[in-house]
Amino acid sequence: MAERTAPLRFFRDDHFKEKFKDENVVTVTSVDQVAVELNVEEAYDAFRVDWHRVKPVLQREKHFQYLKKGLRHLSESYSCLDASRPWLCYWILHSLELLGEPLDECTASQTSTHSANELHLPQPRLSMKSQHIYVLQPMLDEQKLSETYPTSNHICEFLARCQNPNGGFGGGPGQEPHLAPTYAAVNALCIIGTEEAYDIINREKLLEFLFSVKQPNGSFTMHVSGEVDVRCQNWEGGIGGVPGMEAHGGYTFCGMAAMVILKKEWMLDLKALLRWVTSRQMRFEGGFQGRCNKLVDGCYSFWQAGLLPLLHRALHIEGKNTLSMTHWMFHQEALQEYILLCCQNSTGGLLDKPGKSRDFYHTCYCLSGLSVAQHFGGGELLHEIIVGDENNRLEPTHPVYNIGPEKVAQAIMHFLKLSVPQMKSDSN
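Residues numbered from 1 in each chain as written. Predicted model: local features only at pLDDT ≥ 70, side-chain atom pairs only at ≥ 80, totals over all residues. Heavy atoms only, no water.

**Student:** Tell me what's going on with the overall build of the protein, and back it up with residues and numbers.
**Tutor:** For the protein, the count of helices and strands is 16 helices and nine strands. Split into buried and exposed, the 428 residues of the protein put 50% on the buried side. By sequence separation, contacts in the protein at least 24 residues apart represent 67% of the contacts at least 6 residues apart. Accessible surface computed for the protein: about 20900 Å², of which carbon and sulfur atoms make up 54%. (Helix = DSSP H or I, 4+ residues; strand = E, 2+ residues; numbered from the N terminus. Buried < 20%, exposed > 50% of the residue type's maximum accessible area, 1.4 Å probe, protein only. Contact = heavy atoms within 4.5 Å. Areas by Shrake-Rupley, 256 points an atom, 1.4 Å probe, with all protein chains shown as cover.)

**Student:** Any chance you could break down the pairing of strand S9 (residues 383–386) for me, citing the residues and the numbers?
**Tutor:** Every second residue of S9 is oriented toward a common face, with His383 and Ile385 on one face and Glu384 and Ile386 on the other, all of them buried. The pairing of strand S8 (residues 375–376) with S9 spans two bridges and is antiparallel. Bridging from a neighbouring strand, Phe376 pairs with His383 of S9. (Pairing = 2+ DSSP bridges.)

**Student:** Describe helix H11 (residues 270–278), naming the residues involved and giving the relevant values.
**Tutor:** Taken together, the buried positions of H11 are occupied by Leu270, Ala272, Leu273, Leu274, Trp276 and Val277. Of the surrounding secondary structure, the elements contacted by the buried residues of H11 are strand S4 (232–233), helix H10 (249–262) and helix H13 (307–317).

**Student:** Can you break down helix H14 (residues 332–342) residue by residue, with the values?
**Tutor:** Quick reminder: α-helices carry 3.6 residues per turn. Residues three or four places apart thus point the same way. In terms of burial, H14 is largely enclosed, as eleven of its eleven residues are buried. Listed as buried for H14 are Gln332, Glu333, Ala334, Leu335, Gln336, Glu337, Tyr338, Ile339, Leu340, Leu341 and Cys342.

**Student:** Describe unusual backbone geometry, naming the residues involved and giving the relevant values.
**Tutor:** Positive phi values are uncommon outside glycine, yet Asn24 reaches one of about 65°. On the secondary structure map, Asn24 appears in the loop between strand S1 (2–4) and helix H1 (28–48). Owing to a relative accessible area of 77%, Asn24 belongs among the exposed residues under this scheme. In the Ramachandran plot, Asn293 falls in the positive-phi region, its phi being about 70° despite a non-glycine side chain.

**Student:** Give a description of the packing of aromatic side chains that names residues and reports values.
**Tutor:** Tallying each qualifying case throughout the model produces 19 aromatic pairs. Site record: aromatic cluster; members linked through ring pairs are Trp87, Tyr90, Trp91, Tyr183, Phe253, Phe302, Trp303, Tyr361 and Tyr365. (Phe/Tyr/Trp six-rings, centres within 6.5 Å; stacked < 30°, edge-to-face > 60°.)

Written out as structure tokens, the structure reads:
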């Protein structure tokens, strides 16, 4: 059931009281915070002029076209992500599924006949202003490229070329395996959800890679001889990258999600974690910050808000009988308002905050957070809160894996049918 929302939060006469107060102590951080609040206020005021005629609208078609174009080519500014190309596949595929636009349906009338064996990212010559970076298809000339889009088969074949013979996935073909693009590649293949996609994952070699980066203290390095990423709960209540580091939204979500998978949530101080994450929602802007004393950022719409369904479940398991059965423990309408009115680029794509540029990372996690804010529970407990136009409704996302819930169930059923891979014994 979808709930009709009350008048928008920022229409309240006392909304201005939620602004930051520096208590006459001016710092670099306080100056930046005030500047952000002015930009957000400007975005809200621009909507206030016509509020009686229009509702906040998710620019679905513009976002769809932006994402679809990203599968063909990227500007030279994306050259810095040459080691993150599985991430680009995941960010775009997940954004499309949230919009209800599966890849092959959106490209069915523009199918390419070119083999993904041709697909690789060219070395960008940054002095050439016309240079484009092709995520998957550089071998096509621009005229042909403008008429074609990759299909799920092309993406599967490309990700297969990112897989290292020794296990795991690198940031691109021929690159060393790394946990981050491995995560992104597996998620992307599960979104595609075909037998071909699942079979690309060499599970035996992947297991060997995971053990090669596992450390004696239980932590993992991101790659062989790389940096340790352990995720530890600290005194704030959130989770940091290593012991002694400040709590961070991205680390906290990944750490909590890992504990949910391991069924070890009880080992965390859940009340301290709840206090920390709910304090990260900005009172004036409505979006979330990633750390204490930082600025609002659209990507934390998922990294922080996505924690609340996990915490809700964990506290329910503990027997907490005061939990709501219709709402998560954050202001869902406020987050939707921030994303819809402050984070949409007028030509498609979503962004960090007003004044920032769009990109596929923020598009993915703004849409993911918007989905979390719209959907509570599932099945008989499903309760939806949609701010603005009814067409703003996105598909739900799984709170642990951040792909469609049906894709998670499908992948689990597939892999449960297979034998569990075993480490080969050391002949030495």
